[in-house]
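Analysis of the macromolecular model
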Amino acid sequence: MNAEAFMRMALAQAEEDPNEVPVGAVVALNGQVIAKAHNERESGGPLCHAEMLAMERAAKALGDRRLRGCTLYVTLEPCPMCAGALVMAEMDACVFGAYDPRQGCCGSVYTLPEDPAFFHRVACAGGVLEKECAAVLRRFFETKRSSPVQYTTSVPLPASGNKE
């Protein structure tokens, strides 16, 4: 399989849950998908990015925390947390679709996985099916912006004003 085929799988993952920001990821080893995931931040918490979940599942599938020889394919350029996880997991490469000019750390804002300060470097390449990946995100946010904002919280919000 080529990078576009893996990215199409990641795109399919991205659209798994209409309540999550549509980011999907797959981890491949020797041309075979060993793990896949989509964002689960709304249901699972702040660390449940597609990349993190896919890498965790890949580590379980391999029985090793090191993902040597593996490539992550993800629809959006990884954030600082996910870029750091690529290094810590000792991935070989990261291929992403859409660039993230605000938080992307595989080339846009910073190139953390290729920084020589770290013990391991991960080759990064962006722009694979970039238009398709960006369109999925754009549609999601246009839909969110056009619907009324709904806030949910299980923690009471602080009262305003000073109390004596």
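So, here's what we can say about the structure. Counting starts from 1 at the beginning of each chain's written sequence and moves along it residue by residue. Reporting of local features is limited, given that this is a predicted model, to residues whose pLDDT is at least 70; pairs of side-chain atoms are given and counted only at 80 or more, and all residues count toward the totals for whole chains, interfaces and linings. As a rule here, side-chain values come from all non-hydrogen atoms in the structure, and water together with hydrogens is ignored.

**Description of the sheet that holds strand β5 (residues 123-125)**
The five strands are arranged β2-β1-β3-β4-β5 in an open sheet whose pairing can be described as mixed. Strand pairing shows two members of the sheet lacking a second neighbour, β2 (32-38) and β5, which therefore form its edges. Shown here is a sheet whose adjacent strand axes are inclined to one another by a mean of 15°, direction ignored. Two strands pair when backbone bridges link them, and strand β1 (residues 24-29) and strand β3 (residues 70-76) are joined in this way by five bridges, in the antiparallel orientation. Between any two strands, at least two bridges found by DSSP are needed for them to pair. Only DSSP runs of H or I reaching four residues or more are called helices, and only runs of E reaching two or more are called strands; each is numbered from the N terminus. The axes used here are C-alpha line fits, helices contributing only the stretch in contact, and every angle between their N-to-C directions lies in the interval 0 to 180 degrees.

**Comments concerning the pattern of salt bridges**
Side chains bearing opposite charge may pair, as long as their charged atoms lie close to each other. Here, a salt bridge means any side-chain nitrogen of Lys or Arg that lies within 4 Å of a carboxyl oxygen of Asp or Glu. Counted under the stated rule, the structure contains four salt bridges. Where R66 meets D64, a salt bridge forms, and the shortest distance between an N and an O atom there is 4.0 Å. Partly exposed residues are those whose accessible area sits between 20% and 50% of the maximum for their type, while under 20% is buried and over 50% is exposed, using a 1.4 Å probe and protein chains only. The class of R66 is partly exposed, set by a relative accessible area of 30%. With a shortest N-O distance of 2.6 Å, R68 and E90 are connected by a salt bridge. A residue pair is termed long-range when its members are at least 10 positions apart, and R68 in the loop between α3 (50-62) and β3 and E90 in the loop between α4 (80-88) and β4 (93-98) qualify at 22 residues. Sharing partners across several salt bridges, the network here consists of D64, R66, R68 and E90.

**Remarks on the packing of α3 against α4**
Across the interface, α3 lies against α4 with an axial gap of 9 Å and an inter-helix angle of 25°. Judged by the inter-axis angle, α3 sits roughly parallel to α4. For the element pair α3 and α4, the recorded crossing hand is left-handed. In contact with E51, M52 and M55 of α3, α4 contributes M81, C82, A85 and L86. Only Asp, Glu, Lys and Arg are considered charged, only Ala, Val, Leu, Ile, Met, Phe, Trp, Tyr, Cys and Pro nonpolar, and every remaining residue, Gly among them, polar. A breakdown of the residues in the contact of α3 with α4 according to their chemical character gives six nonpolar, no polar and one charged. In what follows, roughly perpendicular refers to angles from 65 to 115 degrees, roughly parallel to angles under 35, roughly antiparallel to angles over 145, and oblique to any angle outside these ranges. Note: crossing handedness is left-handed where the near helix turns anticlockwise from the far helix by less than a right angle, and right-handed where it turns clockwise. We call two residues contacting when some pair of their heavy atoms lies within 4.5 Å.

**Regarding the side chain of T71**
Relative to the elements of secondary structure, T71 occurs in strand β3. Among the residues examined, T71 registers a relative accessible area of 15% and is labelled buried. Residue contacts for T71: discarding those within four places in its chain leaves V26, V27, A28, M91, A93 and V95.

**Some words on α4**
Every buried residue of α4 is listed here: C82, A83, G84, A85, L86 and V87. On its buried side, α4 packs onto α3, β3 and β4. Residue E90 follows α4 closely and has a positive phi angle near 60°.

**Remarks on helix α5 (residues 130-146)**
A helix is expected to span 1.5 Å multiplied by its residue count minus one. If you check α5, its first and last C-alpha atoms are 24 Å apart, about what 17 residues at 1.5 Å a residue would give, namely 24 Å. Buried residues along α5 sit against α1 (3-14), β3 and β4.

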